[in-house]
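# Commentary on secondary and tertiary structure
Here is what each chain is made of, one letter per residue.
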Amino acid sequence: MTPRAKPRRISILGSTGSIGVSTLRLLEETGGPDAYEIEALIGGRNVDLLAEQALRWRPAITVLADEAQAGVLRARLSGSGLAWACGEDAVIDAAGRKADWIMAAIVGLAGLRPTWAAAATGAVLALANKESLVGCGRALIARVETHGGKLLPVDSEHNAIFQVFNADHRPQVSRLILTASGGPFRGFTREQLTSVTPEQALRHPNWSMGAKISIDSASLANKGLELIEAAYLFDIPGERIDVVVHPQSVVHSLVEYADGSTLAQLGPPDMRVPIASCLAWPERVAWDAPKLDLAALARLDFAAPDLEAFPMLALARRSLAQGEGMPVVFNAANEVCVAAFLQRKIAFLDIPEYVESAMMRAQLPSISSKTQADHGTSDAVMERALELDGEVRRLVRGLFAHDRRRA
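If you're wondering where the values come from, they're calculated on a predicted model, not measured in any experiment.

Scanning the model with the defined rule gives five aromatic pairs in all. With centroids separated by 5.6 Å and ring planes inclined at 65 degrees, the aromatic side chains of phenylalanine 341 and phenylalanine 348 adopt a geometry described as edge-to-face. For phenylalanine 341, a relative accessible area of 2% puts it in the buried group. With a relative accessible area of 3%, phenylalanine 348 lands in the buried category. Centre to centre, the rings of tyrosine 354 and phenylalanine 400 are 4.7 Å apart; their planes meet at 80 degrees, and the pair counts as edge-to-face. Taken together, the residues span a long stretch of sequence, with tyrosine 354 in helix α16 (residues 350-361) and phenylalanine 400 in helix α18 (residues 379-402) at a distance of 46 residues. The two residues tyrosine 354 and phenylalanine 400 agree in class, both being buried.

Now the structure itself:
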């Protein structure tokens, strides 16, 4: 990467999550505080880790989403001279501060408002919060472009496609192929899934991720969200996006062209690799990256996903095909169900049942017609997505309450 005249100004939304921690590790490995100035560090509830990060990187502002721990953050940063704040409004304000490069890694639709604010800064926006795209579709991309920024995908699958996707020749792209590890339940039958526990679902064989994403990976909901995200990011219809199970997590995704060529991006299952791609774009940054040893790997396996045992992928595809607000419905229902599963209130296989019920019952608004058709980037798109999200969450909790199995 070409040396810069001054340190890049960086903000990290979700600095205490797995992607945020990996981002800061990568910054340490590519220059540390001498190469980067931190504008904002935003964490959720892990006040001890956030304070540790702040004392190391000395950001212009440190923000904790959990207002209840304001006193703890104050005590941790006492005498440091560092500015800090707490609460949702402070998170959004910090996300909208000017920076050169912003990592958007707050998990779930809770990350939509901050990501929407970051999209208007003109920065390079490294997007790890797929739910923001699921919620606002192409309007988020248009918002970034309108304000002179650039959106880069961080998810390993989308980053892989980005690296081998020739946007100037989109009509020659015949197919996108997303790879899925299969998670901890790869090869399980539907009958075997009836009694799996949260602890089992959290044991991902390849990746170190937070609880919500780990459960989504186990159910293939994560791959469904990635399918929706890919359709928006690369302007490819859902019917031309396929998913294959690839347990080694070495081939991160592929692009098939009309001439029969299929290009793939390979790398170790380490999120610092796609983060480094986004950090240095459009160049490459040298760091002590883990390298692939193909001879040691010996084999790469691929298989079609089992949609009977793992119906969340098909439900996500259906939501994309229906359009309007249906992807928001899919995501909101899934988030509520994942939380309930982690709390042992529902079983693993109840997740797709409740999600499908929500999709059948939800009253769809037109959140993507006029405002997105004319590439509008007004807050109305974002607010309507959040409104629908709230409605669906209430709907699913009502389904829980009236389900005789839970009574």
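Inspection of helix α3 (residues 70-77) places Ala70, Leu73 and Leu77 among the buried residues, and these make up the whole buried set. Taken end-on, α3 shows its buried residues confined to a sector of 65 degrees, consistent with a single buried face. In the core, the buried residues of α3 are packed alongside α2 (47-57), β3 (61-64) and β4 (84-86). Once α3 ends, the next one or two residues include glycine 79, with phi positive near 80 degrees.

On the surface, Leu266, Leu292, Leu294, Leu300 and Phe302 cluster together to form a nonpolar patch covering roughly 410 Å² of accessible area. In this structure, phenylalanine 302 sits in the loop between α13 (294-297) and α14 (312-322).

The strand order across the open sheet built from seven strands is β4-β3-β2-β1-β5-β6-β7, with neighbouring strands paired in parallel fashion. Two strands lie at the open edges of the sheet, namely β4 and β7 (150-153), each paired on one side alone. Strand-to-strand twist in this sheet, taken as the mean axis angle between neighbours without regard to direction, amounts to 20 degrees. Here four bridges tie strand β2 (residues 36-43) to β3, and the two strands are oriented parallel to one another. Paired with alanine 40 across the two strands is isoleucine 61, which belongs to β3. Helix α1 (residues 18-29) contacts β1 (8-13), β2 and β5 (101-104) of the sheet and is inclined by roughly 160 degrees relative to β1.

In a beta sheet, neighbouring strands are held together by backbone hydrogen bonds and run either parallel or antiparallel to one another. The strand order β9-β8-β10-β11 describes an open sheet built from four strands, whose pairing is mixed. Only two strands of the sheet have a single neighbouring strand rather than two, namely β9 (241-245) and β11 (262-266). Geometrically, the sheet is characterised by an average inter-axis angle of 20 degrees between neighbouring strands, direction not taken into account. Of the pairings in the sheet, the one linking strand β8 (residues 173-180) to β9 comprises five bridges and is parallel in character. Residue pairing in the sheet places leucine 178 in a bridge with valine 243 of β9. Packing against the sheet, helix α11 (residues 221-234) makes contact with β8 and β9, and its axis sits at approximately 150 degrees to β8.

Here we take up the pairing of β2. In terms of burial, β2 is largely enclosed, as seven of its eight residues are buried. As defined by bridge partners, β1 adjoins β2 across six bridges and the pair is classed as parallel. In the sheet register, isoleucine 12 faces β2, and the bridge partner there is leucine 41. In this fold, the crossover linking β1 to β2 by way of α1 has right-handed handedness.

What counts as what
Residues numbered from 1 in each chain as written. Predicted model: local features only at pLDDT ≥ 70, side-chain atom pairs only at ≥ 80, totals over all residues. Heavy atoms only, no water. Phe/Tyr/Trp six-rings, centres within 6.5 Å; stacked < 30°, edge-to-face > 60°. Buried < 20%, exposed > 50% of the residue type's maximum accessible area, 1.4 Å probe, protein only. Helix = DSSP H or I, 4+ residues; strand = E, 2+ residues; numbered from the N terminus. Arc of directions from axis to C-beta. Contact = heavy atoms within 4.5 Å. Patch = residues over 30% accessible without salt bridge, like charges linked within 9 Å, V, L, I, M, F, W, Y side chains within 5 Å. Areas by Shrake-Rupley, 256 points an atom, 1.4 Å probe, with all protein chains shown as cover. Salt bridge = Lys/Arg side-chain N within 4 Å of Asp/Glu carboxyl O. Pairing = 2+ DSSP bridges. Axes fitted to C-alpha atoms, helices over the stretch in contact; angles between N-to-C directions. Right-handed = clockwise from strand over helix to strand, strands pointing away.

Any functional reading would require information beyond the geometric quantities listed.
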